[in-house]
Structure formats: C-alpha cells, structure tokens
Amino acid sequence: MMFGFDGEVDGFQTILKRIANNLGECGLTHKEVRAYARCLLPLISVMDLGKFESEIKLLLVAISAPGLPHYDRSFLASKILKLLEDRSLSKSNSKEHF
C-alpha cells in the first residue's frame, strides 16, 4: 500500500471529474491540472485497474504534458473516467457469473 492508499478509485475519479469539467474561466490553471495528473500517476500502481492500467497511465502522462489546451486535458480526463466506468462494469459482470 502506497501512502496508505487502499486502491479505492472514488477520490481518483473526483479529481478527474474536476479536470474533465474544467472548461470555465474560473477553473483550474494548466499548472494545477498538470500537478494533479503527476500526483495521480504513482497511484496507478496500487489500484486494481486490470487491462485499463496502461491506457490510463498513458492518458495521465498526456494530461501532464506541457502545451495542451484546457479542452484537450478535459477530453483526456473524460476518457479516463469512461475507462474507469467500463472497468467497474466489467468487474460487476464478472462477479455475476459466479
């Protein structure tokens, strides 16, 4: 367990939602969004993301890259949220088969 993080994705999703909805003028700065993404990256290794892990990691690296407009960072964050939703659905479906 890293930093006492138990692998739950709720807080992870909350931060990603904040980035995904960051299209207004009073939102997060580019620097803040990049800081969030860099801080989320190490948590990937302690979360059970299954087959989505490498794609989510790549998208977080892209969000943290310099030079992207807010729209692109927001779009990438929404894609991670969709992958987390798909992961959750696939876990639910696999539990139902037992």
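The paragraphs below set out a description of the structure included in this document. Just so you know, these numbers come straight off a predicted model, no measurement behind them.

### As for helix α2 (residues 30-40)
At step 1: For α2, the complete set of buried residues consists of Val33, Ala37 and Leu40. What you see down the axis of α2 is that its buried residues fit within an arc of 65 degrees, all on one side. In α2, those exposed residues whose orientation departs by more than 90 degrees from the buried face are Lys31 and Cys39.

### Quick word on the packing of α2 against helix α3 (residues 53-64)
At step 1: As a packed pair, α2 and α3 sit with axes 8 Å apart at the nearest point and diverge in direction by 150 degrees. As far as their axial angle goes, α3 and α2 are roughly antiparallel. Relative to α3, α2 is oriented so that their crossing is left-handed. Residues Val33, Arg34, Ala37, Arg38 and Leu40 of α2 touch α3, and the partners they reach there are Leu60, Ile63 and Ser64.
At step 2: Here the residues of the contact of α2 with α3 sort into 5 nonpolar, 1 polar and 2 charged.

### Quick notes on the environment of lysine 17
At step 1: You can see lysine 17 is positioned in helix α1 (residues 10-20).
At step 2: Overall, the relative accessible area of 46% leaves lysine 17 in the partly exposed class.
At step 3: On a C-alpha basis, the gap between lysine 17 and isoleucine 80 in space is 9.6 Å, while along the polypeptide they are 63 residues apart.

### As for a nonpolar patch on the surface
At step 1: There is a patch of nonpolar side chains on the surface, built from Leu23, Tyr71 and Phe75 and spanning about 340 Å² of accessible area.
At step 2: Structurally, the position occupied by tyrosine 71 is in helix α4 (residues 70-96).
At step 3: Accessibility expressed as a relative area gives 54% for tyrosine 71, which makes it exposed.

### Considerations on the nonpolar core
At step 1: Residues Phe12, Leu16, Ile56, Leu60, Ile63 and Ile80 are the most contacted members of the largest nonpolar core, which totals 25 residues.
At step 2: Among the secondary structure elements, those contributing two or more residues to this core are α1, α2, α3 and α4.
At step 3: Apart from residues lying up to four places away in sequence, phenylalanine 12 is in contact with Leu40, Ile44, Met47, Ile56, Leu60, Ile80 and Leu84.

Cut-offs applied
- Residues numbered from 1 in each chain as written.
- Predicted model: local features only at pLDDT ≥ 70, side-chain atom pairs only at ≥ 80, totals over all residues.
- Heavy atoms only, no water.
- Buried < 20%, exposed > 50% of the residue type's maximum accessible area, 1.4 Å probe, protein only.
- Helix = DSSP H or I, 4+ residues; strand = E, 2+ residues; numbered from the N terminus.
- Arc of directions from axis to C-beta.
- Axes fitted to C-alpha atoms, helices over the stretch in contact; angles between N-to-C directions.
- Parallel < 35°, antiparallel > 145°, perpendicular 65-115°, else oblique.
- Left-handed = near helix turned anticlockwise from the far one by under 90°.
- Contact = heavy atoms within 4.5 Å.
- Nonpolar A, V, L, I, M, F, W, Y, C, P; charged D, E, K, R; others polar.
- Patch = residues over 30% accessible without salt bridge, like charges linked within 9 Å, V, L, I, M, F, W, Y side chains within 5 Å.
- Areas by Shrake-Rupley, 256 points an atom, 1.4 Å probe, with all protein chains shown as cover.
- Salt bridge = Lys/Arg side-chain N within 4 Å of Asp/Glu carboxyl O.
- Core = buried A, V, L, I, M, F, W, Y, C linked by side-chain atoms within 4.5 Å.

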